[in-house]
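# Secondary and tertiary structure notes
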Amino acid sequence: ADPASITVIHHLLVTSRFSRFLFIGSCRDEEMGQNHPIWNMIASVQSLGAHATTIKLQLFDKETVNRAISDMLSLSPRLTWPLSDIVYHKTKGNPMFFSRLMVSLSKEGLLNFSLSRRRWVWDEEKIQSRKIPDDVAIFLTNAIGQLSSEVQAALCTLSCFGASADISAVKILEDDLGLKLQNSLDAAVADGFLDKLNGKYQFCHDRVQETAYKMLSMEDRASRHSRYGLALCRYTLKNINDDAMLFTAVDQVNRGGPHIVSGSDHGSLLAYLNLRAGKKAMDMSDFASALAFFDHGILFLDENHWHDNYNLSLELFDNAVKCTYAIGDHQRLNKFSEQVLSFARSFNDKLTVIYHAVSALCDASSLDEAIEKGVWVLSMLGEDLFQPSSRSETLALIEKTRCLVQGYPEDLLLNYNLMTDSSKIMAMKFLSRLEISLVMGRRGVIPIVTSKMVELSLVHGLTPMSAIGFAYFGSMLASIGHVNEGYRYVKLAKDLVHRFSSKEVAGEVIAIATQTIGYVEPMQTTLEFHMQGHKTALEAGDIRSASLNFNLYCNYLFWCGGNMVNVKTKCEEACLFMKQHKMLAFLLNLRPLLSTIVKLIDKEETPSPFGFDGPVEDVLISSNPSA
C-alpha cells in the first residue's frame, strides 16, 4: 500500500463515528519487512484501543490439494491424484497460486470437460512441461536462499547452461570434474525449483534460472563456462557423432571467452570444434548460429593463424562468408572476404569468396559488375564465352547445343559420369550464378551461358550445377517453340536434383523448370512447385532463388484467377520478404503486379503498396547506393 492509502486507513480506524468498523487486508511476508509503514500504522491504532488480529495462511499439503481438485472436478480423489501431484509440485500448495493455475489450465485447454466421457480430463504431459506462473516463480526465487548450500551450488551450475541441461551433460561434469550434482538437483526437483523431463533438468521458470545465475560473480561465470565447456569438449572429441553435446560444449567454451586459451595448439583445437559446430548448424539451415560459431572459432586463432593454421583459417573464413551471404549481411561478407583475398595462397583458394561476392552484387542489383566479374573468373578458369554478333548466330548456337544433347538418351544423361575436374566444377558454379543474374538483366546472353553449361556437363561429367544448366536449356527451347522437348529437359533437371540430393541448386531449378512445366501441365500445379522452391531455397540459404520463386508464385496466383484479396496479401508478404533481404531487382519486378491488383481492388489511389513512405525506388536505392 502507498503512504496516502495507509494514512486514509489510519484516519478511518481512529476517527470514525462508528464504534464498529471492520477492515481486512492481505499481504505476502516477503513483500513487507518489519519497518514497513503498515506495521507502524497497526501499532498506532492498537495503542488507541483498536483490535488487530493477524492470521497467517498456511500452505496446502498434498492431501488438501487433492481434496480441493476432487471437489472442484466432481471426481473421486483416487482419479485426481496424478493431476493434484503435478499441481502441488508447481504451486507448493499456495492457495492463491493453486486457484490461478487451475483457471489458467482450463483457459489453455489443458483441463477440459469431455462430453464423450462425461467427466473432466487433462493432459498430464503438457501440464507437467508447462512453465509455472510468474507469482510462483517470485515465491521460489525468494526461497532459493533457504536451500542447503549443496543444492544452491548445483542450481548455480545448472544455471550456466540456460533454461535446461541434458542429464547426460550433468553426468559428464560429475565424471570429469568430480562434481556432486545429481542428488542435489533431484532435491531441487522435489522442492519444485526444477522439472526432470525428457532426459533434461529444466528450471521451472526463467526467473529461477536468472536468480541462480546472478548468485555468481562475472569472473566466476566465465570460469565456470570455460571449465564446463572444456570438460564437455573432451567428451565430444571421443564421441564425434553426438551433435547435441558438441553444440553444448562449444557454446560453453565460447561463453568463457578466448582468454582460456593456453597456447596456439589449444586455440586451434577450440577453433576446430567451432568449425565442426558451425558446419553442423549449416546442415540444419541455421545460418545465424553457424556464423556465431565461425566468429568464435576465428577469435580462438592466434595472430599468425594464416601462417600457422592456413587450412583451418581458410575453412573458417570461407564458411563465414557463406553464412553472411545466406543471412544477407553483405557488409560482414566483404569484411571476411578481404581477409581471404589478402592471405589466400592461390587463385583457387579465393574462388569461394569471389563466388559469394558476385552473388552479393547480383542481390544488390549491380548486375553489370556481377556479370563482368563472373566472366573474368571464367576466363581465368580457361572458359571463354562465345559472343554471337547477331540473333541468327545465337539461334545457330542453340541448335548446335540441341543436336549435341539429342545424341544422349535421357537414361544415359540421368546416370552420366560425375565431373571430377575442380576447375570445371567451379566454372559451373560461376556459370550458374551468371544465369540467374542474366534473368534479371541481359536475357540475350542466357543462351551463351546455358550452352556452355550443357557442353561442360557432356564433356567433363555431371555436377549438381548441371541441373541448373538443363533447366535453363529446357526453358530456352520452350521459348523458341520446342515446348515438348524443353519440357523433357526441365523434367531431367528436376530428376538430377533428386540424384544429387542438392538443396543448393533445388530452389533455382524449381523456379526455372516450373515456368516451362506451366506450358504443359495445368497452371495451378505451378503454385505448389514455386512454394516448395521458396522453402527449399530458404533452407539452403539461397535467398535469391527464394525471392524468384516467391515472385513467380505471386504472378501465377494472379493469372490462375486467385482471389484478389489473397493475391494482394501474398504479394505484400513477398515484398516484405524481398525488402528484408534487400532483393531490389525482384522487388521492382513485382511492383507492376501489385500496383495492378491494388487498382483492381481499390479504385482510389492507396498509400504505397509496399508499405514504404515515398517511392519504392528512393527507399531501396538509399540503402543500396551501389544499385
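You'll find the structure just up there.
Summary of the structure given here. Everything numeric in this text was worked out from a predicted model, so none of it was measured.

A few words now on the nonpolar core. The biggest cluster of nonpolar side chains holds 150 residues, and the ones touching the most others in it are Leu-194, Phe-430, Phe-470 and Met-578. Sequence-distant contacts of Phe-470, defined by excluding residues within four places in its chain, comprise Val-405, Leu-413, Val-454, Ser-457, Leu-462, Tyr-489, Val-490, Leu-492, Ala-493 and Leu-496. Judged by nonpolar contacts, the second largest core, of 16 residues, contains Ile-69, Ile-86, Tyr-88 and Phe-98.

Time to look at the packing of aromatic side chains. Using the criterion set out here, one finds 15 aromatic pairs in the structure. Residues Phe-60 and Phe-98 carry aromatic rings whose centres are separated by 6.1 Å and whose planes lie at 70 degrees to one another, so their mutual orientation is edge-to-face. Of the two residues, Phe-60 sits in the loop between helix 2 (37-47) and helix 3 (62-73) while Phe-98 sits in helix 5 (residues 95-107), which places them 38 residues apart along the sequence. When its relative accessible area of 25% is taken as the criterion, Phe-60 is described as partly exposed. A centroid spacing of 5.6 Å and a plane angle of 10 degrees characterise the contact between Trp-306 and Phe-343, whose relative ring orientation is stacked. Here Trp-306, found in helix 16 (residues 305-308), pairs with Phe-343, found in helix 18 (residues 330-343); they are 37 residues apart in sequence, far enough to count as distant. Note on Phe-343: relative accessible area 41%, which makes it partly exposed. Among the aromatic residues, those joined into a cluster by ring pairs are Trp-306, Tyr-310, Phe-317, Phe-336 and Phe-343. In this structure, Lys-494 packs its charged tip against the face of Phe-529, placed 3.9 Å from the ring centre. Its end group placed over the ring of Phe-500, Arg-499 keeps NZ or CZ at 5.2 Å from the ring centre.

Attention now goes to the sheet that holds strand 4 (residues 194-197). With antiparallel pairing, three strands are arranged side by side in an open sheet as 3-5-4. Looking at the sheet topology across the chains shown, the edges are occupied by strand 3 (164-166) and strand 4. Looking at each pair of strands side by side, their axes are set apart by 20 degrees on average, direction ignored. Here strand 4 pairs with strand 5 (residues 200-203) via four bridges, running antiparallel. Across the sheet, residue Lys-196 finds its bridge partner in strand 5, namely Tyr-201. Along the sheet face, helix 9 (residues 167-177) touches strand 3, strand 4 and strand 5 and points at about 70 degrees away from the line of strand 3.

With three bridges joining them, strand 3 and strand 5 adopt antiparallel strand pairing. What sits directly across from Ser-164, in strand 5, is Gln-202. The antiparallel pairing of strand 4 with strand 5 creates a hairpin that spans two residues between the two strands, and Asn-198 there sits at a positive phi of about 50 degrees.

Nonpolar side chains collect at one region of the surface, where Leu-237, Leu-269 and Tyr-272 lie side by side and expose about 240 Å² of accessible area between them. The topology assignment puts Tyr-272 in helix 14 (residues 264-283).

Taking 1.5 Å per residue as the helical rise, helix 18 with its 14 residues ought to reach 20 Å, and the 20 Å between its terminal C-alpha atoms agrees with that figure. Taken residue by residue, helix 18 has His-330, Leu-333, Phe-336, Ser-337 and Val-340 as its buried positions. Down the axis, helix 18 shows its buried residues gathered within 120 degrees of arc, on one side only. Structural note: helix 18 exposes Gln-331, Lys-335, Glu-338 and Ser-342 on the side pointing more than 90 degrees away from its buried face. Contacts from the buried residues of helix 18 go to helix 15 (287-299), helix 16, helix 17 (310-326) and helix 19 (347-363).

Moving on to the environment of Pro-522. By the element assignment, Pro-522 lies in the loop between helix 27 (503-520) and helix 28 (525-539). On the accessibility criterion, Pro-522 (53% relative accessible area) is exposed. With 38 residues separating them in the primary sequence, Pro-522 and Cys-560 have C-alpha atoms 9.6 Å apart.

Attention shifts here to the pattern of salt bridges. According to the stated counting rule, one finds 18 salt bridges in the structure shown. Of the charged contacts, one joins Arg-402 and Glu-399 as a salt bridge, the two residues approaching to 3.4 Å between their closest N and O atoms. Within this pair, Arg-402 and its partner Glu-399 are both found in helix 21 (residues 391-406), separated by three residues, close to a single helical turn. Taking relative accessible area as the criterion, Arg-402 reaches 15% and is therefore assigned buried. Accessibility expressed as a relative area gives 37% for Glu-399, which makes it partly exposed. Salt bridges linked by common partners bring Glu-383, Lys-424 and Lys-452 together as one network.

Reading guide: rules and limits
Residues numbered from 1 in each chain as written. Predicted model: local features only at pLDDT ≥ 70, side-chain atom pairs only at ≥ 80, totals over all residues. Heavy atoms only, no water. Core = buried A, V, L, I, M, F, W, Y, C linked by side-chain atoms within 4.5 Å. Buried < 20%, exposed > 50% of the residue type's maximum accessible area, 1.4 Å probe, protein only. Contact = heavy atoms within 4.5 Å. Phe/Tyr/Trp six-rings, centres within 6.5 Å; stacked < 30°, edge-to-face > 60°. Helix = DSSP H or I, 4+ residues; strand = E, 2+ residues; numbered from the N terminus. Lys NZ or Arg CZ within 6 Å of the ring centre and 35° of its normal. Pairing = 2+ DSSP bridges. Axes fitted to C-alpha atoms, helices over the stretch in contact; angles between N-to-C directions. Patch = residues over 30% accessible without salt bridge, like charges linked within 9 Å, V, L, I, M, F, W, Y side chains within 5 Å. Areas by Shrake-Rupley, 256 points an atom, 1.4 Å probe, with all protein chains shown as cover. Salt bridge = Lys/Arg side-chain N within 4 Å of Asp/Glu carboxyl O. Expected span 1.5 Å × (residues − 1). Arc of directions from axis to C-beta.

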